[in-house]
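Fold and contact review
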Amino acid sequence: MSSNPAGSAGPTPSGPPSAAPANGPAVSRQEFDALFEAVRTWGRWAAADRGAWNRVTAGHVQRATALVRSGTVVPMGRPWDTLPGPDNAKPALHYMSDLGDVEAAEPSTYKDFLGVDYHGKGVSHLDALSHIAYRGRLYDGRAAREAVDAAGARFGAVADLGPLVTRGVLLDLPAVLGVDWLEPGRAVHGQDVIAAERALGVTIGDGDAVLLRSGRFRRRRETGPWDPGTASAGWHVDAVPLLAERAVALLGADGDSDVRPSPVEGLHSPVHALAIAAMGVPLLDNLDLEALSAACAEAGRYAFLLVVTPLNVPGGTGSPVNPVAIL
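In this report, the structure presented in the accompanying data block is examined. All residue numbers refer to position in the chain's written sequence, counted from 1. For a predicted model such as this one, the threshold for reporting local features is a pLDDT of at least 70, and the threshold for listing and counting side-chain atom pairs is 80 or more; totals across whole chains, interfaces and linings nevertheless cover every residue. Computation of side-chain values: all heavy atoms of the structure, hydrogens and water removed.

Okay, a nonpolar patch on the surface next. Two joining distances apply to patches: 9 Å for like charges and 5 Å for nonpolar side chains (Val, Leu, Ile, Met, Phe, Trp, Tyr), and every residue must have over 30% relative accessible area and no salt bridge. Exposure was quantified through the Shrake-Rupley algorithm and a 1.4 Å probe, taking into account, for residues, occlusion by the shown protein chains and nothing else. For this document, the term salt bridge refers to a Lys or Arg side-chain nitrogen within 4 Å of an Asp or Glu carboxyl oxygen. A surface patch of nonpolar side chains, about 290 Å² in accessible area, is lined by L93, Y95 and F113. Along the polypeptide, L93 turns up in strand β2 (residues 93-99). By definition, any uninterrupted DSSP run of H or I lasting at least four residues is a helix, any uninterrupted run of E lasting at least two residues is a strand, and each is numbered from the N terminus.

Given below as C-alpha cells:
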C-alpha cells in the first residue's frame, strides 16, 4: 500500500498555524454534559482503576501477537527533550552525576540523573486515570479531592494500570488526505474515522489502541516549533461516541488527542475529560508517529502489535513512556 492510500498527493501545508482553525462545530456545555453521560462506563469493572484496560484479555494479547510478520520494531517515544521552546515549557532534565571521579578508581563509573515534569507537550507520556477529573470527579465517580493529594493518587494511579499489550491501529490522516500533515486547529470527526478505516483497510475493534497521526512532528521539523497548547490538530468530541461504541482500550496521538482551540465552551481539554474521566480510557500524548507511518505504508497494513510499559510509580498520575509497535 502506498503512503497515500486515498489518491495523489495534495498541496503541502506550510507556515504558521491557520488564523481560522477548522476546530468546530462549537459545542455547548449542556451538549457536552449529555455526551459525557452517554459514553460513561462508571461501575462496569471491579478493577475500576484500570478502566478500559480491563477490556484486554489474554485472547486479545494472543490475537495481537499473531499480527507480527516481519518483526519490524518501531519505537514511538520522542527523544528526551531538554531544550526549552514554545512546545516545551518545562524541559526535561539530564545531567551527569558521576564522571568516573566519585567512586573507587577501578572500574571507573559513569552515572547520570533524569527528571521531568512530563504532563505537557514535549515528553511522550501516558495519562493514567488519576490525571483528569470533571466536575470534581475522577473516573468511576471517585471524588478527586479525596483520591489525589500531595502524596499522590490513591485511585487510578499509573502503577495500577501496569503494562498493556494489544492490537494497535494507526489512523494516518495525512496519508488518507494526501497531505504532509493536518494544520494545527483541524478537528478530526467521526466521519474521518470511517473514511480512514476504508482507505487504510483496517477496522477498529474492542480492546484496540487507536493512534491518531496528524503529522505534527513532520510539520515541526520542516516549519519549526509552535505552541500546541493554543493550536493543534486532534479529536473533536463528536468522534468520541464512535470510539466508545468500538470499545477501545487506549487512545494516543502525536498531539495530546484534543483539537485546540477547544470547541467546547469553558473546557480546555474536553476529549481528555471524555476519554479518561467518563470512559476510563488512558491517553498516550506526544508520540512521534512518523516512523510508524512509513513502516505501515511499506507493510501495506495499519494494524500491529502494540506494547506500552509505563513506569511502576505508586501514586503516579502517569508516566513517561516509549511505546513500541511490532509489525
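Here the narrative resumes.
A word on the sheet that holds strand β12 (residues 283-285). Strands sit in the order β1-β15-β13-β7-β9-β11-β12-β4-β14 across an open sheet of nine strands; the sheet is mixed. Lying at the two open borders of the sheet, with one neighbouring strand each, are β1 (73-75) and β14 (318-320). Direction aside, neighbouring strands of the sheet carry axes that sit 25° apart on average. In this scheme, strands are said to pair when DSSP sees at least two bridges between them. Both strand β7 (residues 164-172) and strand β13 (residues 303-308) contribute to a ladder of six bridges, which runs antiparallel. By the bridge assignment, V169 is partnered in β13 with A303. The sheet contacts of helix α10 (residues 290-299) involve β1, β7, β9 (209-213), β13 and β15 (324-326), and relative to β7 the element is tilted by about 85°. Lines fitted to C-alpha atoms define the axes, with helix axes restricted to the stretch in contact, and inter-axis angles between N-to-C directions lie between 0 and 180 degrees. In what follows, residue pairs with any heavy atoms lying within 4.5 Å of each other are defined as contacts.

A word on the side chain of E290. Locating E290 in the fold gives a position in helix α10. In this structure E290 touches R213, G215, F217, R218, R221 and D254, once residues within four positions along its chain are discounted.

Attention now goes to the packing of helix α1 (residues 29-39) against helix α9 (residues 270-278). With their axes 9 Å apart at the nearest point, α1 and α9 run at an angle of 30° to one another. If you check the angle between α1 and α9, you find them roughly parallel. The two elements α1 and α9 meet at a crossing, and its hand is right-handed. Taken together, the residues of α9 that come into contact with α1 (itself represented by F32, L35, F36 and V39) are P270, A273, L274, A277 and A278. Gly counts as polar in this scheme, as do all residues outside two lists: the nonpolar Ala, Val, Leu, Ile, Met, Phe, Trp, Tyr, Cys and Pro, and the charged Asp, Glu, Lys and Arg. The residue makeup of the contact of α1 with α9, split by class, is nine nonpolar, no polar and no charged. Here the angle decides the label: under 35 degrees means roughly parallel, over 145 means roughly antiparallel, 65 to 115 means roughly perpendicular, and every other value means oblique. A crossing counts as left-handed when the near helix is turned anticlockwise from the far one by less than a right angle, and as right-handed when that turn is clockwise.

A separate point is the pattern of salt bridges. If you walk through the whole model with that rule in mind, you get 20 salt bridges. The partner of D33 in a salt bridge is R135, with the nearest N and O atoms 2.8 Å apart. Of this pair, D33 sits in helix α1 while R135 sits in the loop between β4 (125-127) and α3 (144-147), and the two are 102 residues apart along the sequence. Residue R40 pairs with E37 through a salt bridge whose shortest N-O separation is 3.0 Å. Taking the relative accessible area as the measure of exposure, R40 reaches 32% and is therefore partly exposed. The exposure class assigned to E37 is partly exposed, which follows from its relative accessible area of 46%. It is possible to trace a salt-bridge network through shared partners that takes in D87, R216 and R220. Think of it in three bands: with a 1.4 Å probe and only protein chains considered, a residue is buried below 20% of the maximum accessible area for its type, exposed above 50%, and partly exposed in between.

Within helix α6 (residues 190-200), burial applies to G190, D192, V193, A196, E197 and L200. Buried residues of α6 fall within an arc of 150° about the axis and therefore sit on the same side. Pointing more than 90 degrees away from the buried face of α6 are the exposed residues Q191 and R198. On its buried side, α6 packs onto β7, α5 (173-177), β8 (187-188), β10 (234-235) and α8 (240-245). Just downstream of α6, G201 is the residue with a positive phi angle, here 70°. By definition, the arc is the one covered by directions from the helix axis to the C-beta atoms.

On to the environment of A249, then. Counting through the fold element by element, A249 comes out in the loop between α8 and β11 (250-253). In the structure, A249 is positioned 192 residues away from T57 in sequence and 11 Å away in space, judged by C-alpha atoms. If we skip the residues at most four places from it in the chain, A249 touches A52, W53, V56, G207, D208, V281 and P282.

So, about the packing of aromatic side chains. The description of two aromatic rings rests on the distance between their centres and on the angle between their planes. The pairing test for Phe, Tyr and Trp rings, Trp by its six-membered ring, is centres within 6.5 Å, and the orientation test on the planes gives stacked under 30 degrees, edge-to-face over 60, and tilted for anything in between. The tally for this structure, following the rule as stated, stands at five aromatic pairs. Ring geometry for F32 against Y134: centres 5.3 Å apart, planes inclined by 75°, an arrangement best described as edge-to-face. On the criterion of sequence distance, the pair formed by F32 in helix α1 and Y134 in the loop between β4 and α3 is long-range, its members being 102 residues apart. For F32, a relative accessible area of 0% translates into the label buried.

The definition of a nonpolar core used throughout is a set of buried Ala, Val, Leu, Ile, Met, Phe, Trp, Tyr and Cys residues joined through side-chain atoms within 4.5 Å. Membership of the largest hydrophobic core comes to 81 residues, with the highest contact counts inside it found for F32, L171, L211, W235, L250, L292 and F304. In this view, W235 contacts L171, V188, V193, V210, L212, L243, S257, D258, V259 and V271; residues no more than four positions away in its chain are not counted.

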